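Structure at a glance
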Amino acid sequence: MNAMISPVHGELLVSPDRCLRFSVFEPAEASAVSATVVFIPGFKGFKDWGGWPWFCSLLASAGYRVVSMNPTMCGVGPALTEFDEPQKFAQQTLSHDVQDLTALLHSDRIAAGKPAFLMGHSRGGIVAALSSARISADQGAGGECHLRGVITLGTPHDLLRLSAEEIDHWRQSGCREIINARTGEVLRQELSVLEDYQARAEEYDPVRALSEAGTPFLGIHGSADPAVAADSLEILFAGTD
C-alpha cells in the first residue's frame, strides 16, 4: 500500500470577505507533464472531511498533482473541520462556487499550459460541469487553463430536488433548515439562495453545460446511492457524446 502523501495547505483571497482554502498533494515522482486534478467537495462537504484526504493522496500516489478546495461560502472556515462560518453557508450559491473555482484555476497553484481535470462530488460535480463550459470558452479565446476532462462522483442532474411543498415552506418561513447528520447541528439557507437558483435555472443546468463544453466526461455513481438517484448519471450523460 502506498504511504499517505502529506499535503501543503494554503489560502486564496477571492474577495475581501471570501477566503478559499486549499490543499495540494504532490506526486512523489512528478513529471513535466503531470496533470492536475482539482477536487471540489459537495453540499455540506469540505476537503478535510472523512476519507477525502486519503482519496486525494491516493490520486497523487498514482502520479497526479491534486488540489482540493473548500469553496469560500461552504460554511467551513479557519476551523477546517467544523461549520464555523454558518452565515456564509446560509448565502452560498452556485455562482459563488464557480467564481471560487475560476479564481483557483487562474492562480499560481494551477500551472499554466499543463493539463487539468475537474473532479467534483455531488454538488461539486455540478460546479465542475458549469465551470467546464466557461473554461472551454476561455480556451477558445486563448485562455491559460488546459482542461482535459470533468469527473463527477454521485452528482445530481439538478441541484434543487425539492417538492413544491418544501419550496413553499422555504418561501413562507424565509429560510430552509438542514440537519447536519454528522453533528446534529442545524444549518440554514436564506431565501435568497432559492431565488437565485430559480432566476438562473438555465445557467445552472449541468446537462446543458457539459453539452456546450464538449469536454470529455466521466461519471461515477453508486447504483444504491441513498442521496442521489442513479438515473441522474444517465441524464447528465444525455447531452454528451
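Shown above is the structure to which this text applies.
In what follows, the accompanying structure is described. Quick caveat, the model's predicted, so the values are computed rather than measured.

1. What about the pattern of salt bridges?
All chains considered together, the criterion is met by 11 salt bridges. The closest approach of N and O atoms between D48 and K47, which form a salt bridge, is 2.8 Å. Under the relative-accessibility criterion, D48 is labelled partly exposed at 22%. Residue classification places K47 among the buried positions, given a relative accessible area of 3%. With its nearest N and O atoms 2.5 Å apart, the salt bridge here joins R208 to E202. Since its relative accessible area comes to 55%, E202 is described here as exposed. If you follow the salt bridges from partner to partner, you end up with D196, R200 and E203 in one network.

2. Description of the environment of A60
Looking at the secondary structure, you find A60 in helix α1 (residues 52-61). For the pair formed by A60 and A116, sequence separation is 56 residues and the distance between their alpha carbons is 13 Å. What A60 contacts, discounting residues up to four positions off in sequence, is I5, F25, E26, P27 and V66.

What counts as what
- Residues numbered from 1 in each chain as written.
- Predicted model: local features only at pLDDT ≥ 70, side-chain atom pairs only at ≥ 80, totals over all residues.
- Heavy atoms only, no water.
- Salt bridge = Lys/Arg side-chain N within 4 Å of Asp/Glu carboxyl O.
- Buried < 20%, exposed > 50% of the residue type's maximum accessible area, 1.4 Å probe, protein only.
- Helix = DSSP H or I, 4+ residues; strand = E, 2+ residues; numbered from the N terminus.
- Contact = heavy atoms within 4.5 Å.

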